[in-house]
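If you want the building blocks of each chain, they are given just below.
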Amino acid sequence: METRSAAAKKKKLFFCKDNEFIPNHHNVDHISELPDAVLHHILFLLPIKTVAQTSVLSKRWRSLWSSFPDLDFTTLNPFPKPCSSSKSHSLNCKESDFITQVLNNREKHSDIRILRFRARLSFSRLNGLIRLAIRHKVQVLDVEVFTEDYFNFPRCVIASDSLRVFKLKSRRPGFRLPPSSVMTSGFRSLQSLSLSRISLCNQPSLSDMFSESSFLLLKKLSLDTCFGLKHLRVGCRALQDLTLENCFELQGLDVSGSKLERLRIAKCFDGYIEKSWVKIDAPRLGVVLWEHNALSDNICIENLSYLHKASIGLLHEDISVAKLQSVSNLFSALSLAHCLTLESNCIEILSNNNYFAVYLHQFSNLKSLELHTGFKKNNVPGLASIFRSCPMLHTLILNIINDFKTERRQWNKDLWEMSNSEEEKYWESQTLNLKLFLHHLKIVKILGFLECENEVSLAKFLLKHGKALEEMILSTGHCKARHSLQRQKIRSQMMGFSWASSNAKITFH
């Protein structure tokens, strides 16, 4: 009689053609046999609740879950609606309870590599969660919270030796920083710090928090929405990437660093005070993004010989003589860039001040230029002065902003035979001044091209005089194109006159 064990063993075998028995592998759990690191990587691709559900499969999977190093709770509902006000602890909702339970049930000696969560909770619950994470030697801590009131910066993170990346964002209302002496006393391993919605009403100057002797390993720093910040000095010796945005009360900024490679300043500075200033000394800067900032009275930027990419966006306002000089200083400082983007308000400032027709600095290294403009009639001289300052330009991208609030004259087909439009006459008068520009320009892209007089005149001028031109792309982009028959007539006319370059081709999108 066949025993049960023999029958079970027989089921695990099957017969091959050569009459040899080999094991049946169809019922073997090969996935569970993979190393922990491989399974953890696979699980990281799943939502956190799905990962938690795998713990019921077996002891093996329960162990994997309790030691899972990358905890991303952002797949949960990040900011649930508050519980009824009649209930106590209205902000302590299920999401934060779930996070606390997961952290409490972890294996005692299992470290956390990444912890991310978004939650609506009280400061005491927030502080408790962060303490649990620090206890498990978290390396990357990314927190976004919504609290009922301002809270104090969680000091427990300062003493952490394991923390490498720390992001703290308050949705509302914000948080307060401890004194500089406390902040700079720790963070011995921190390499990236991002703080958002900080209340600095009691310490409007951060002149010594990010000094050369503090945050010795910090490579990336981001400060966003700093209420009350008036003066900031950043000089961390290892810093490579600095972002500062939404600091509307800023009056003075001093940035220095021998290793700083990327700088982004966006929506900063108080444009209504006198004697605001900017000083930047970072010889290895390769990227400068100056986006929608109020004009300062004094801008001093030095040593940008490594500059590759720059973007300038300024708030359009009445410009005093001092601020006019600051704009000139900004352009001069960024004149060594290889790629440059100018936003529409910047074009307006250059167009409305004759000062820049004479004193705009040469961009001798510039190969790629992107301009955002409404392309109004008064922008034409400003664009010409920019072109004149780019003698070695290779690629021109003109992004026309069609908000349909500004009336732009539709092209008259008769003007192809008679050069009597003001724009065409003006461009023809600039042929000699733009000689170097026209001799090097190879690629032109005009986005938002609606066959209006301004853009057609410019396109015609570049085709007529661009000796090195290889390609011109005219695209309506997301704008509604004009009547197809009229558009076809204009396109055929553009193809029908003599071009300066025999290698040029034109494409319509």
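Residues numbered from 1 in each chain as written. Predicted model: local features only at pLDDT ≥ 70, side-chain atom pairs only at ≥ 80, totals over all residues. Heavy atoms only, no water.

1. Comments concerning the overall build of the protein
Along its length, the protein carries 15 helices and 25 strands. Scored against the burial criterion, the 509 residues of the protein give a buried share of 50%. Long-range pairs, those at least 24 residues apart, make up 68% of the contacts in the protein with a sequence separation of at least 6. (Helix = DSSP H or I, 4+ residues; strand = E, 2+ residues; numbered from the N terminus. Buried < 20%, exposed > 50% of the residue type's maximum accessible area, 1.4 Å probe, protein only. Contact = heavy atoms within 4.5 Å.)

2. A closer look at helix H5 (residues 94-104)
Turning to H5, its buried residues number three or more, namely Glu95, Ser96, Phe98, Ile99, Val102 and Leu103. Buried residues in H5, looked at end-on, bunch into an arc of 155°, giving them a common side. Buried residues belonging to H5 abut helix H3 (48-53), helix H4 (59-66), strand E3 (70-72), strand E4 (114-120) and helix H6 (123-135). (Arc of directions from axis to C-beta.)

3. A closer look at the packing of helix H12 (residues 422-429) against helix H14 (residues 453-465)
In contact at an axis separation of 9 Å, H12 and H14 are set at 30° when each is read in the N-to-C sense. Viewed along their axes, H12 and H14 form a crossing whose handedness is right-handed. Judged by residue contacts, Glu422, Glu423, Glu424, Trp427 and Glu428 of H12 engage Glu453, Asn454, Ser457, Leu458, Lys460, Phe461, Lys464 and His465 from H14. (Axes fitted to C-alpha atoms, helices over the stretch in contact; angles between N-to-C directions. Left-handed = near helix turned anticlockwise from the far one by under 90°.)

4. A short note on the pattern of salt bridges
Once the charged atoms of two side chains with opposite charge are near each other, the side chains can pair. Applying the stated criterion to the full structure yields 14 salt bridges. Note that Lys464 and Glu428 form a salt bridge whose closest N and O atoms lie 3.5 Å from each other. Placement of the pair is Lys464 in helix H14 and Glu428 in helix H12, with a sequence separation of 36 residues. The exposure class assigned to Lys464 is partly exposed, which follows from its relative accessible area of 35%. Residue Glu428 is classed as partly exposed on the basis of its relative accessible area of 27%. One salt-bridge network, held together by shared partners, links Arg116, Arg118, Asp142, Glu144 and Arg171. (Salt bridge = Lys/Arg side-chain N within 4 Å of Asp/Glu carboxyl O.)

5. Points about the packing of aromatic side chains
Counted under the stated rule, the structure contains 15 aromatic pairs. Pairing Tyr426 with Trp427 gives two aromatic rings, centres 6.0 Å apart and planes at 70°, and the pair type is edge-to-face. Judged by its relative accessible area of 25%, Tyr426 falls in the partly exposed class. Judged by centre distance (5.6 Å) and plane angle (25°), the rings of Trp427 and Phe461 are stacked. Of this pair, Trp427 sits in helix H12 while Phe461 sits in helix H14; the two residues are 34 residues apart in sequence, bridging distant segments of the chain. (Phe/Tyr/Trp six-rings, centres within 6.5 Å; stacked < 30°, edge-to-face > 60°.)

6. A short note on the sheet that holds strand E14 (residues 252-256)
Read from one edge to the other, the open sheet built from five strands follows the order E10-E12-E14-E16-E18, with strand pairing classed as parallel. The sheet terminates laterally at strand E10 (205-210) and strand E18 (298-302), the two strands that pair on one side only. Pairwise comparison of adjacent strand axes, ignoring direction, gives a mean angle of 5° for this sheet. Bridging between strand E16 (residues 277-281) and E18 involves five bridges; their strand directions are parallel. (Pairing = 2+ DSSP bridges.)

7. Topic: the nonpolar core
Among the nonpolar cores identified, the biggest contains 137 residues, and Phe153, Val157 and Phe210 are the most heavily contacted of them. Residue contacts for Phe153: discarding those within four places in its chain leaves Ile158, Phe166, Leu168, Phe175, Arg176, Leu177, Pro178, Met183, Phe187 and Leu195. (Core = buried A, V, L, I, M, F, W, Y, C linked by side-chain atoms within 4.5 Å.)

8. Quick notes on the side chain of Glu245
In this structure, Glu245 sits in strand E13 (residues 241-245). Among the polar contacts listed, one links the side chain of Glu245 to the side chain of Arg264, at a separation of 3.2 Å. Every residue in contact with Glu245, bar those within four places of it in the chain, is listed here: Leu223, Asp224, Thr225, Arg264, Ala266, Lys267 and Cys268. (Polar contact = N/O pair within 3.5 Å; in protein donor to acceptor, adjacent residues only side chain to side chain.)

9. Topic: the state of the cysteines
Per the counting criterion, the structure on display carries zero disulfides. Free cysteine Cys247: the closest other cysteine sulfur is in Cys226, separated by 3.9 Å. (Disulfide = S-S within 2.5 Å.)

10. Structural notes on the confidence of the model for the protein
Here the protein shows a mean pLDDT of 84. Residues at 70 or above account for 84%. Highest mean pLDDT in the protein belongs to E13 (98); lowest belongs to strand E1 (residues 13-15) (43). pLDDT under 50 marks residues 8-17. Its contacts with residues more than four places away, or in other chains, come to 17 contacts. (pLDDT = per-residue confidence, 0-100.)

11. Considerations on the packing of H5 against H6
Between H5 and H6, whose axes approach to 10 Å, the crossing angle comes to 25°. Taken together, the axis directions place H5 and H6 in an arrangement best described as roughly parallel. Judged by the sense of rotation from one axis to the other, the crossing of H5 with H6 is left-handed. Contact residues: H5 offers Ser96, Asp97, Ile99, Thr100, Leu103 and Asn104, while H6 offers Arg125, Leu129 and Leu132. In the contact of H5 with H6, the residues fall into four nonpolar, three polar and two charged. (Parallel < 35°, antiparallel > 145°, perpendicular 65-115°, else oblique. Nonpolar A, V, L, I, M, F, W, Y, C, P; charged D, E, K, R; others polar.)

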